[in-house]
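# Descriptive structure summary
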Amino acid sequence: SQTIHQWPATLVQPVGSPLSLECTVEGTSNPNLYWYRQAAGRGLQLLFYSVGIGQISSEVPQNLSASRPQDRQFILSSKKLLLSDSGFYLCAWSGGQTGGFYNSPLHFGNGTRLTVT
Amino acid sequence: DQQVKQNSPSLSVQEGRISILNCDYTNSMFDYFLWYKKYPAEGPTFLISISSIKDKNEDGRFTVFLNKSAKHLSLHIVPSQPGDSAVYFCAASATDSGYALNFGKGTSLLVTP
């Protein structure tokens, strides 16, 4: 069965410090990978998605970047964190080979609670 | 701009009764709708979905109804159980909009014994 691992679970970082969140998926190949964020009082917002190694699409302009160095690894980074980067970050995957996105729901990791102080 | 709206932040229901969670959307291009369930300290898990060509989809105790003319969907849970207590997110997507899922802010359901 497929599993998704995301770490760390919680993180407290000072403003201006760098960020690296990692996500890996097991049990599937060539998944679509996603980074979502839930800010306080808001719904889940798509930040980045990737349909293959080295292929990153950004949905919103921001202080963050994403990379996919391996098929099942997705990394969210920032060079200098802002207070507004605080939130709950979720990695997710969906099947990319049959039926496309619309027949394959997202499967989320347990998330990282980031607090920028 | 919030295109998917869950106007009730919380709902309390007695065990055994029906839970009805509501969701409204503004984008008429949305053609696929999903419900996710989230427990504290966990990521959301997929619950049930419906395509715009249908008006009802049922899976065990969970049924999703879609009213396209009203741009409204609802999730019915019958009978409700204490283990159903969680935050429920409504989400929607449009075929031509790429990979983005638009989520609501969630409704926190509490099922009391």
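This text follows the structure it describes.
So, here's what we can say about the structure.

Cut-off values and rules
Residues numbered from 1 in each chain as written. Chains lettered and ligands numbered in written order. Predicted model: local features only at pLDDT ≥ 70, side-chain atom pairs only at ≥ 80, totals over all residues. Heavy atoms only, no water. Contact = heavy atoms within 4.5 Å. Buried area = accessible area lost by both parts, 1.4 Å probe. Polar contact = N/O pair within 3.5 Å; in protein donor to acceptor, adjacent residues only side chain to side chain. Helix = DSSP H or I, 4+ residues; strand = E, 2+ residues; numbered from the N terminus. Disulfide = S-S within 2.5 Å. Buried < 20%, exposed > 50% of the residue type's maximum accessible area, 1.4 Å probe, protein only. Core = buried A, V, L, I, M, F, W, Y, C linked by side-chain atoms within 4.5 Å. Salt bridge = Lys/Arg side-chain N within 4 Å of Asp/Glu carboxyl O. Pairing = 2+ DSSP bridges. Phe/Tyr/Trp six-rings, centres within 6.5 Å; stacked < 30°, edge-to-face > 60°.

Attention now moves to the interface of chain A and chain B. The interface is formed by 22 residues belonging to chain A together with 23 residues belonging to chain B. Of the roughly 1,800 Å² buried at the junction of chain A and chain B (both faces included), carbon and sulfur atoms supply 63%. In this structure, the connection of chain A to chain B is made through four residue pairs in polar contact (both at pLDDT 80 or more). Of all the elements in the fold, those that place two or more residues in the side of chain A that touches chain B are strand E4 (32-38), strand E5 (44-52) and strand E9 (87-94) of chain A.

All chains considered together, the criterion is met by two disulfides over all chains. Shown here is the disulfide that connects Cys 23 of chain A with Cys 91 of chain A, its sulfur atoms set 1.9 Å apart. In this structure, the disulfide formed by Cys 23 of chain A and Cys 91 of chain A twists by about -75 degrees around the S-S bond and is classed as left-handed. Here the residue Cys 23 of chain A occupies a position in strand E3 (residues 19-26), and Cys 91 of chain A occupies one in strand E9, the gap between them amounting to 68 residues. No difference in accessibility class separates Cys 23 of chain A from Cys 91 of chain A, as the two residues are buried. Paired through a disulfide, Cys 23 of chain B and Cys 90 of chain B show a sulfur-sulfur distance of 2.0 Å. Looking down the S-S bond of the Cys 23 of chain B and Cys 90 of chain B bridge, the torsion is -75 degrees, so its handedness is left-handed. Of this pair, Cys 23 of chain B sits in strand E3 (residues 19-25) while Cys 90 of chain B sits in strand E9 (residues 86-93), placing them 67 residues apart in sequence. Judged by relative accessible area, Cys 23 of chain B falls into the buried class, the value being 0%.

Moving on: the nonpolar core. Residue and element names in this part refer to chain B. Within the largest apolar cluster, 24 residues are counted, with the highest numbers of intra-cluster contacts made by Phe 33, Trp 35, Leu 73, Leu 75 and Tyr 88. Those elements that provide at least two residues to this core are E3, strand E4 (32-38), strand E5 (45-51), strand E7 (62-67), strand E8 (72-77), E9 and strand E11 (107-112). Sort the elements by how many residues they give to this core and E9 lands first, with four residues. Those residues in contact with Tyr 88, other than ones at most four positions away along the chain, are Gln 6, Leu 21, Trp 35, Tyr 36, Lys 37, Leu 47, Leu 75, Ile 77, Gly 106, Thr 107 and Leu 109.

Attention now goes to the pattern of salt bridges. Evaluated as defined, the whole model comprises four salt bridges over all chains. One salt bridge connects Arg 37 of chain A with Asp 85 of chain A, and the closest N-O pair in it is separated by 3.9 Å. Taken together, the positions of Arg 37 of chain A in strand E4 and Asp 85 of chain A in the loop between strand E8 (73-78) and E9 put the pair 48 residues apart, joining distant regions of the chain. We note a salt bridge from Lys 37 of chain B to Asp 84 of chain B, for which the minimum N-O separation is 4.0 Å. With Lys 37 of chain B in strand E4 and Asp 84 of chain B in the loop between E8 and E9, the pair connects residues that are 47 residues apart, well separated along the chain. Just as Lys 37 of chain B is buried, Asp 84 of chain B falls in that class too. What emerges from the salt-bridge pattern is a single network uniting Lys 37, Arg 61 and Asp 84 of chain B.

Now for the sheet that holds E7 of chain B. Residues and elements named next belong to chain B. Here five strands make up an open sheet; going across it, the order is E1-E3-E8-E7-E6 and the pairing antiparallel. Lying at the two open borders of the sheet, with one neighbouring strand each, are strand E1 (4-5) and strand E6 (56-59). Alignment of E6 against E7, held across four bridges, turns out to be antiparallel. From the neighbouring strand, Lys 56 faces E7, where its bridge partner is Phe 65.

Describing an aromatic ring pair means giving the distance of the ring centres and the angle of the ring planes. Residue and element names in this part refer to chain A. Inspection of every chain in the model, using the stated rule, returns twelve aromatic pairs over all chains. Geometrically, the ring pair formed by Tyr 34 and Tyr 36 is tilted, given 6.5 Å between the ring centres and 40 degrees between the ring planes. Judged by relative accessible area, which is 0%, Tyr 34 ranks as buried. Judged by its relative accessible area of 0%, Tyr 36 is buried.

Let us look at the environment of Ser 57 of chain A. All names here are of chain A. Note that Ser 57 resides in strand E6 (residues 55-58). For Ser 57 and Leu 47, which are ten residues apart along the polypeptide, the C-alpha to C-alpha distance reads 8.6 Å. Among all residues touching Ser 57, those that are not within four sequence positions of it are Leu 47, Phe 48 and Tyr 49.

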